[in-house]
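The primary structure of each chain is shown beneath.
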Amino acid sequence: MALTAPPWKVVSAALSSAMLVAGCSTGPGRPESAVAPDDPCRPLMADPRIDPVRAKIAVPIVLGASQDVALLSNRDRPTDAERSAIKALWDAHEACRALTEARSGPVPRYRAWSNEAVGALLGDLHEGAITYGQFARKLLYIGAQDNSAKETLESELDARARWKLMDAVKP
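Definitions and limits used
Residues numbered from 1 in each chain as written. Predicted model: local features only at pLDDT ≥ 70, side-chain atom pairs only at ≥ 80, totals over all residues. Heavy atoms only, no water. Disulfide = S-S within 2.5 Å. Helix = DSSP H or I, 4+ residues; strand = E, 2+ residues; numbered from the N terminus. Buried < 20%, exposed > 50% of the residue type's maximum accessible area, 1.4 Å probe, protein only. Salt bridge = Lys/Arg side-chain N within 4 Å of Asp/Glu carboxyl O. Contact = heavy atoms within 4.5 Å. Expected span 1.5 Å × (residues − 1). Core = buried A, V, L, I, M, F, W, Y, C linked by side-chain atoms within 4.5 Å.

1. Notes on the state of the cysteines
Here is step 1 of the chain: Tallying each qualifying case throughout the model produces one disulfide.
Here is step 2 of the chain: Across a sulfur-sulfur distance of 2.0 Å, Cys41 and Cys96 are joined as a disulfide pair. Every disulfide takes its handedness from the sign of the S-S torsion; for Cys41 and Cys96 that torsion is 95°, giving right-handed. In this pair, Cys41 is assigned in the loop between helix H1 (7–22) and helix H2 (42–45) and Cys96 in helix H4 (residues 80–104), connecting sequence segments 55 residues apart.
Here is step 3 of the chain: For Cys41, a relative accessible area of 1% translates into the label buried.

This is the structure:
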């Protein structure tokens, strides 16, 4: 007898994979071997206008990805040239999100919130209100919240599926 995953788990896994693929690229702590060769976001993240900040921000921005200690401890604020690079990163990040949503459908509400939080964080960095290290640390926090919300949603969907099975069995 073959075991099959409930449909919501398959959809959840597909969305998770799509978001992961959408974020695959090299950067600090992301080796070239981890890059998917057919990643549609790869050309967006390879934009040379982003280069001035590649050593200070893990590009692409991937929720839940580990951060290098040098990034976490960076007390620098962006220069004018780096502000332009942060804007280019924002543009590439948004274009990648749009591509991913076009391929996989809309993101769950918890992920939409996380994406808005990342946008606000990039805005704070662009304006110089926070340092690069604060950006990296807050990004870790957003990633942890995102992961927790995902786990909660999966748990609730699992519970719902179990209750539906129990309701289907009528005496």
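2. Structural notes on the pattern of salt bridges
Here is step 1 of the chain: Tallying each qualifying case throughout the model produces nine salt bridges.
Here is step 2 of the chain: Of the charged contacts, one joins Arg83 and Asp80 as a salt bridge, the two residues approaching to 3.1 Å between their closest N and O atoms. Of this pair, Arg83 and Asp80 are both found in helix H4, three residues apart, which corresponds to roughly one turn of the helix.
Here is step 3 of the chain: The salt bridge involving Asp146 is made with Arg111; its shortest N-O contact spans 2.5 Å. Taken together, the positions of Asp146 in helix H6 (residues 132–168) and Arg111 in helix H5 (residues 109–127) put the pair 35 residues apart, joining distant regions of the chain.

3. Some details on the side chain of Gln67
Here is step 1 of the chain: Looking at where Gln67 falls in the secondary structure, it is placed in the loop between H2 and helix H3 (69–72).
Here is step 2 of the chain: The class of Gln67 is buried, set by a relative accessible area of 13%.

4. Some words on the environment of Asn74
Here is step 1 of the chain: Among the secondary structure elements, Asn74 is positioned in the loop between H3 and H4.
Here is step 2 of the chain: Taking C-alpha positions, Asn74 is 7.0 Å from Thr131, a pair spaced 57 residues apart along the chain.
Here is step 3 of the chain: Setting aside its immediate chain neighbours within four residues, Asn74 contacts Lys56, Thr131, Tyr132 and Gly133.

5. Thoughts on H4
Since the α-helix advances by 3.6 residues per turn, residues separated by three or four positions end up pointing in the same direction.
Here is step 1 of the chain: For H4, built from 25 residues, the straight-helix expectation of 36 Å at 1.5 Å per residue is met to within 8% by its first-to-last C-alpha distance of 36 Å.
Here is step 2 of the chain: Residues of H4 that are buried: Glu82, Ala85, Ile86, Ala88, Leu89, Ala92, His93, Cys96 and Thr100.
Here is step 3 of the chain: Taken from the residues just after H4, Gly105 is the one with a positive phi, measuring 95°.

6. Notes on H5
Here is step 1 of the chain: An ideal rise of 1.5 Å per residue puts 27 Å on 19 residues; H5 measures up with 27 Å between its terminal C-alpha atoms.
Here is step 2 of the chain: Every buried residue of H5 is listed here: Tyr110, Arg111, Ser114, Asn115, Ala117, Val118, Gly119, Leu121, Leu122 and Leu125.
Here is step 3 of the chain: Looking one or two residues beyond H5, the residue adopting positive phi is Gly128, at roughly 85°.

7. As for the nonpolar core
Taken as a class, soluble globular proteins show a tendency for nonpolar side chains to be buried jointly.
Here is step 1 of the chain: Counting 23 residues, the largest nonpolar core has Ile57, Ile61, Leu89 and Phe135 as its most contacted members.
Here is step 2 of the chain: Contributions of two or more residues to this core are made by H4, H5 and H6.
Here is step 3 of the chain: At six residues, H4 tops the list of elements feeding residues into this core.
Here is step 4 of the chain: Those residues in contact with Phe135 that sit more than four places away from it in its chain are Ile57, Ile61, Leu121, Leu122, Leu125 and Ile130.

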